[in-house]
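# Geometric and topological summary
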2 protein chains.
Amino acid sequence: MSEYRDPSRAKVEEAKDKVIGAIAETMDLYGVTPAAANLYATMYFKDQMTLDEMREELEMSKPSMSTSVRKLQENAMVKKTYTRGSRKHTYAAEKNFFRSFMVFYCQMWEREVKMNMEAIEEAQSDLQDVLNDDSSSTETLDEARKTYDQLEDSKTYYRWLQDLVENIQSGEIFEFLPKEKHE
Amino acid sequence: MSEYRDPSRAKVEEAKDKVIGAIAETMDLYGVTPAAANLYATMYFKDQMTLDEMREELEMSKPSMSTSVRKLQENAMVKKTYTRGSRKHTYAAEKNFFRSFMVFYCQMWEREVKMNMEAIEEAQSDLQDVLNDDSSSTETLDEARKTYDQLEDSKTYYRWLQDLVENIQSGEIFEFLPKEKHE
DNA sequence: AAAAATGTTAAATAAATTTTTAACAAACTT
DNA sequence: AAGTTTGTTAAAAATTTATTTAACATTTTT
């Protein structure tokens, strides 16, 4: 190989590795496995990769690469690419961090809103029953009222979060917070 | 106890439990342990709690509660409260989800920006050296240039993320995305 | 000062997650 | 059609993370 004739080559790889390390380290805070984090960071500097290339580059098993790629696809951080002539599947990293941000957080927040809003609606309905029930003690009625109001109040947050999701998905947020600051 | 005379009492607790379950379930996606997630969700419906009350309510060990509380304090999801006369420490859940959102994500994003920006700056400096080095092969120069530009481009995202953090922390974001929608 | 209560740290255990090896299924070549 | 290549599923092993038990330090009460 040319590394011996060209010491700069190694320096370029070293530079990439610094960024790969940083990306991977912040990524496993995002709920992906170390394998998936390293894989994404590696792919970030490649045009596209096959499973065998991944296995070779990361020195890990093929099923691990297969699983990691699938997980990354769920978060839209990796896309399958069509490569004519090649029997092997090829994958490319999403290099636009804005898109990754959008998919990842919107997915996460929508799940949170849906789940909690559903629970809140059910709970409030139960509490309403209690409030309409004459046999309830004063103490219980107070508790039911207080809880009902607390839940009602929390809905403001979930509606806001849903709103944030929609603003991000539509791109409207960039009107308020532009990608490039024009000075 | 009064549960036997007042069936509504049980219904109120059941209603709370539905929400506790939902909150806890979405929370462990936020990188907190199940114990911490359950604890926060439980505290959400309490005024304040001591470690012993937590242990009793969740039926878990005291060190587990102690650790969980500390973790939740780091994310500003729980605050220590002063209770005169009580020797036991008391803690209260942050009930304002907007504040929890702010602290949690801003902390996370700032860490991401800092870490990746530092790596990028270092990498770009290395790549600049390569570009200034006459001994580098054409192939290596192209690779260095391409990588440098890719990193330069990614900085747009990190600057935007930092901007988002600042807008959330200052509350400016609520001018664009109001908490309450006035119709 | 001794005993008791409270909270934390450290070591050990338990549980869950991640990764690998091995077996399998599907698609393509010859 | 038999044999390869490629990718996935399933079971096992390894690693990591979470929780508990036990020991300790600190403060308070008697």
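Residues numbered from 1 in each chain as written. Chains lettered and ligands numbered in written order. Predicted model: local features only at pLDDT ≥ 70, side-chain atom pairs only at ≥ 80, totals over all residues.

The name recorded for chain A in an unreviewed UniProt entry is HTH-type transcriptional regulator, from Alkalicoccus saliphilus. Comment text from UniProt for chain A, heading Sequence similarities (unreviewed entry), reads "Belongs to the GbsR family." (UniProt positions renumbered as here; feature names shortened; annotations may be inferred.)

### Quick look at the protein's contact with DNA strand D
Surrounding DNA strand D, one finds 17 residues, the nearest of these being Ser66 and His89 of chain A together with Thr33, Ala35 and Ser64 of chain B. Among the secondary structure elements, those contributing two or more residues to the surface near DNA strand D are helix H3 (51-58) and helix H4 (62-74) of chain A together with helix H2 (34-43) and helix H4 (62-74) of chain B. Looking at the surface near DNA strand D, the element that brings in the most residues is H4 of chain A, giving 3 residues. Split by residue class, the surface near DNA strand D holds 6 nonpolar, 6 polar and 5 charged. (Near = placed C-beta within 6 Å. Helix = DSSP H or I, 4+ residues; strand = E, 2+ residues; numbered from the N terminus. Nonpolar A, V, L, I, M, F, W, Y, C, P; charged D, E, K, R; others polar.)

### Regarding the relation of the copies chain B and chain A
Take chain B, turn it by 180°, move it 0.0 Å along the axis, and it overlays chain A with an RMSD of 0.0 Å. Both copies are brought into coincidence by an operation consistent with a two-fold rotation axis. (Least-squares fit on C-alpha atoms with pLDDT ≥ 70 in both.)

### A closer look at the domain arrangement of chain A
All names here are of chain A. When cut into domains, chain A gives domain 1 (2-95) and domain 2 (99-176). If you average the C-alpha positions of domain 1 and of domain 2, the two centres end up 38 Å apart. The interface is formed by 5 residues belonging to domain 1 together with 4 residues belonging to domain 2. For the side of domain 1 that touches domain 2, a count of residues per class yields 3 nonpolar, 1 polar and 1 charged. (Domains from an automatic or database assignment. Contact = placed C-beta atoms within 7 Å.)

### Details of the sheet that holds strand E1 (residues 49-50) of chain A
Backbone-to-backbone hydrogen bonds pair the strands of a sheet. The strands run either parallel or antiparallel. Residue and element names in this part refer to chain A. As summarised here, the arrangement of the 3 strands in space is E1-E3-E2, forming an open sheet in which the pairing is antiparallel. At either end of the open sheet lies a strand with only one pairing partner, and these are E1 and strand E2 (78-81). Bridge count between E2 and strand E3 (residues 90-93): 4 bridges; the pairing is antiparallel. Across the sheet, residue Lys80 finds its bridge partner in E3, namely Tyr91. (Pairing = 2+ DSSP bridges.)

### Concerning the packing of helix H1 (residues 7-27) of chain A against helix H6 (residues 138-170) of chain B
Relative to each other, H1 of chain A and H6 of chain B sit at 20°, their axes nearing to 9 Å. Looking at the two axes, H1 of chain A sits roughly parallel to H6 of chain B. Pair H1 of chain A / H6 of chain B crosses with left-handed handedness. Residues Ser8, Arg9, Val12, Ala15, Lys16 and Val19 of chain A of H1 of chain A form the contact with H6 of chain B, whose participating residues are Thr140, Glu143, Ala144, Thr147 and Leu151 of chain B. For the contact of H1 of chain A with H6 of chain B, the per-class residue count stands at 5 nonpolar, 3 polar and 3 charged. (Axes fitted to C-alpha atoms, helices over the stretch in contact; angles between N-to-C directions. Parallel < 35°, antiparallel > 145°, perpendicular 65-115°, else oblique. Left-handed = near helix turned anticlockwise from the far one by under 90°.)

### Structural notes on the protein's contact with DNA strand C
Close to DNA strand C lie 18 residues; Thr33, Ala35 and Ser64 of chain A together with Ser66 and His89 of chain B are nearest. Of all elements in the fold, only helix H2 (34-43) and H4 of chain A together with helix H3 (51-58) and H4 of chain B reach the threshold of two or more residues within the surface near DNA strand C. Looking at the surface near DNA strand C, its residues break down into 6 nonpolar, 7 polar and 5 charged.

### Here's the deal with the confidence of the model for chain A
When pLDDT is averaged along chain A, the result is 94, and 97% of the positions lie at 70 or above. Interface confidence for the predicted complex, expressed as ipTM, amounts to 0.92; the pTM equals 0.93. (pLDDT = per-residue confidence, 0-100.)

### A look at the interface of chain B and chain A
Each side of the interface is counted separately: chain B has 54 residues, and chain A has 54 residues. Secondary structure elements with two or more residues in the side of chain B that touches chain A: helix H1 (7-27), helix H5 (97-132) and H6 of chain B. The leading source of residues in the side of chain B that touches chain A is H5 of chain B, at 15 residues. Looking at the side of chain B that touches chain A residue by residue, the class counts come to 23 nonpolar, 14 polar and 17 charged.

### Details of the packing of H1 of chain B against H2 of chain B
All names here are of chain B. The contact between H1 and H2 brings their axes to 8 Å, and the two run at 145°. In this structure, H1 meets H2 at a crossing whose hand is right-handed. From H1, Ile20, Ile23, Ala24 and Met27 reach across to H2, where they touch Ala37, Asn38, Tyr40, Ala41 and Thr42. When its residues are assigned to classes, the contact of H1 with H2 shows 7 nonpolar, 2 polar and no charged.

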